[in-house]
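Topology and contacts: notes
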Amino acid sequence: MGPDAIRTAGLLEQLEALGHVVADHGNLTPSKAFEVASPNPVLKNFRSYAGWTRALHAKSWELGLQSVFPIYLGGDHAMAAGTVSGQARAAAELDRPLFVLWLDAHSDFHTLDSTDSGNLHGTPLAFACGLPGFDELLGAPLEHTVSPGNVEILGVRSIDAAEREMLLSHGVGVSDMRRIDEDGIASSLKPFLDRVRASNGLLHVSLDVDFLDPEIAPAVGTTVPGGATFREAHLVMEMLHDSGFVTSLDLVELNPFLDDRGKTARLMVDLTGSLFGRRVFDRPTRSF
């Protein structure tokens, strides 16, 4: 229901108003993964995860090779296992490195063995970065992975001990809310964008609703206080637009049942507008 709520909030109309031609490919259906067995009994809905990852991987690989800007709408951040891995495969075929900006309260860097909760939305980034134990997802080892050094997790404020060790050992970039508080969000983002520029990279942005403070974006089941403010989030999107590096986008974790008169869905649409060039002085004041 998250993707439909974002559509209803006017994503297509927002992008068309900015001069873009938009094609809605509709909702995907998962691939069959009957042969898949969960490698860890604690994992929840693992066969479904594998089916969705295979379908999303194929679709994002297809779109990543075209001269289009794909926007992937999903309920659960587990979706990114397919979208990021597919974009990485396409980037490899285009002979350009893929960078990932992970806008999230959580790092989502658990492996299938390290997770205690079994919640698979905590694993997609580890999978995309090629950590071991995920071969069942695609039915074969992931051939084209994202270099962990090409990942920046921005706005994080909830990391488990096992994830922290793996993030440090693999060299993933992490800018937590304390760094943002001390240095500002622009100073935290700019060095990463400079590295994308220096490498002539492609940039995938994965935006989780819980990157935002729950006071302005309540429609998520994994709220963590102290997230990005309205202006911090828009500044990130405006800087990304100005960079010209972003080539694909995830919008995930919107639960419309938890929303307040649709304000989270509208905020996600507004943020996407900023990413695509909508300016502050063009944005009408909106009363919730």
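The preceding data block contains the structure.
Residues numbered from 1 in each chain as written. Predicted model: local features only at pLDDT ≥ 70, side-chain atom pairs only at ≥ 80, totals over all residues. Heavy atoms only, no water.

1. So, the overall build of the protein chain
Using the following cut-off: Helix and strand definitions follow DSSP, with helices as H or I runs of at least four residues and strands as E runs of at least two, each counted in order from the N terminus. For a compact globule the rule gives 2.2 Å times the number of residues to the power 0.38, and the radius of gyration it is set against comes from C-alpha atoms. For each residue, the accessible area found with a 1.4 Å probe, counting protein chains only, is set against the maximum for its type, and the residue is called buried under 20%, exposed over 50%, and partly exposed in between. A contact between two residues is defined here by any heavy atoms of the two lying within 4.5 Å. All accessible areas in this document rest on Shrake-Rupley with a 1.4 Å probe, and a residue is counted as covered only by the protein chains that are shown. Only four residue types enter the tally: Lys and Arg on the positive side, Asp and Glu on the negative side; His and the chain ends are excluded. Every charge is mapped to an atom, namely NZ of Lys, CZ of Arg, CG of Asp or CD of Glu.
Of the regular secondary structure elements, the protein chain holds eleven helices and six strands. For 288 residues, the compact-globule estimate of 2.2 N^0.38 gives 19 Å, and the C-alpha radius of gyration of the protein chain, at 18 Å, lies within 12% of that figure. Structurally, the protein chain occupies a C-alpha span of about 50 × 40 × 40 Å along its principal axes. Taking all 288 residues of the protein chain together, the buried fraction comes to 52%. A separation of at least 24 residues holds for 71% of the contacts in the protein chain among residues at least 6 apart in sequence. Here the protein chain has roughly 12700 Å² of accessible surface; of this, 52% comes from carbon and sulfur atoms. For the protein chain, the separation between the mean place of its 23 positive charges and that of its 38 negative charges on side chains is 4 Å.

2. Side note on the nonpolar core
Selection rule: Residue types Ala, Val, Leu, Ile, Met, Phe, Trp, Tyr and Cys, when buried and joined through side-chain atoms within 4.5 Å, form a set referred to as a nonpolar core.
Ranked by size, the top nonpolar core spans 42 residues in total, and within it L101, L103, L203 and L240 carry the most contacts. Take this core: its biggest share by element is six residues, from helix α11 (residues 263-275). Not counting residues up to four positions away in its chain, the partners in contact with L240 are L101, L193, L203, V205, F245, V246 and L275. Listed in part, the 35 residues of the second largest apolar core include Y49, A128, L137 and V151.

3. Looking at the packing of aromatic side chains
We count it as follows: Two aromatic rings, drawn from Phe, Tyr or Trp (for Trp, its six-membered ring), form a pair once their centres lie within 6.5 Å of each other, and the interplanar angle then sorts them: stacked below 30 degrees, edge-to-face above 60, tilted otherwise.
One pass over the structure, following the stated rule, counts four aromatic pairs. Relative to Y49, the ring of F46 has its centre 6.3 Å away and its plane inclined at 80°; by these criteria the two rings are edge-to-face. With F46 and Y49 both in helix α3 (residues 46-64) and three residues apart, the pair spans about one turn of that helix. Comparing F46 with Y49 shows no difference in burial state: the two are buried.

4. Description of the pattern of salt bridges
We count it as follows: Basic side-chain nitrogens of Lys or Arg form a salt bridge, by our definition, when they fall within 4 Å of a carboxyl oxygen of Asp or Glu.
Following the criterion strictly, the structure yields eleven salt bridges and no others. When the shortest N-O distance is used, the salt bridge between D4 and R7 registers 2.9 Å. Of this pair, D4 and R7 both sit in helix α1 (residues 2-8), separated by three residues, roughly a single helical turn. Among the residues examined, D4 registers a relative accessible area of 39% and is labelled partly exposed. As a salt-bridge pair, R178 and E182 come within 2.8 Å of each other at their nearest N and O atoms. Remark: E182 and R178 occur in helix α8 (residues 177-183); sequence separation between them is four residues, near one turn of the helix. E182 shares its class with R178; the two are exposed. Salt bridges linked by common partners bring D4, R7 and D24 together as one network.

5. A look at the sheet that holds strand β6 (residues 246-252)
The cut-off we apply is this: Pairing between strands is defined by DSSP: at least two bridges between the two strands are required. Axes here refer to lines fitted to C-alpha atoms; in helices the fit is confined to the stretch in contact. Angles between the N-to-C directions go from 0 to 180 degrees.
Read across the sheet, six strands follow the order β1-β6-β5-β2-β3-β4 without closing on themselves; strand pairing throughout is parallel. The open sheet has two free edges, formed respectively by β1 (71-73) and β4 (173-176), since each of these has just one partner strand. Ignoring strand direction, the axes of neighbouring strands in this sheet form an average angle of 15°. Where β1 meets β6, three bridges bridge the pair, whose relative direction is parallel. Looking at β6, one finds that Y72 is bridged to D250. Contacting β1, β5 (202-208) and β6, α11 crosses the sheet at an angle of about 175° to β6.

6. So, the side chain of H204
By the element assignment, H204 lies in strand β5. H204 sits in the buried class, given a relative accessible area of 0%. Discounting chain neighbours no more than four positions away, the residues touching H204 are Y72, T83, V84, Q87, L98, F99, V100, L101, S248, L249 and D250.

7. Regarding unusual backbone geometry
A positive phi angle, near 55°, is found at D108, a position not held by glycine. Looking at the secondary structure, you find D108 in the loop between β2 (98-103) and α5 (124-128). Positioned with a positive phi, E253 is a non-glycine residue whose angle comes to about 75°. Secondary-structure assignment places E253 in the loop between β6 and α11. Overall, the relative accessible area of 10% leaves E253 in the buried class.

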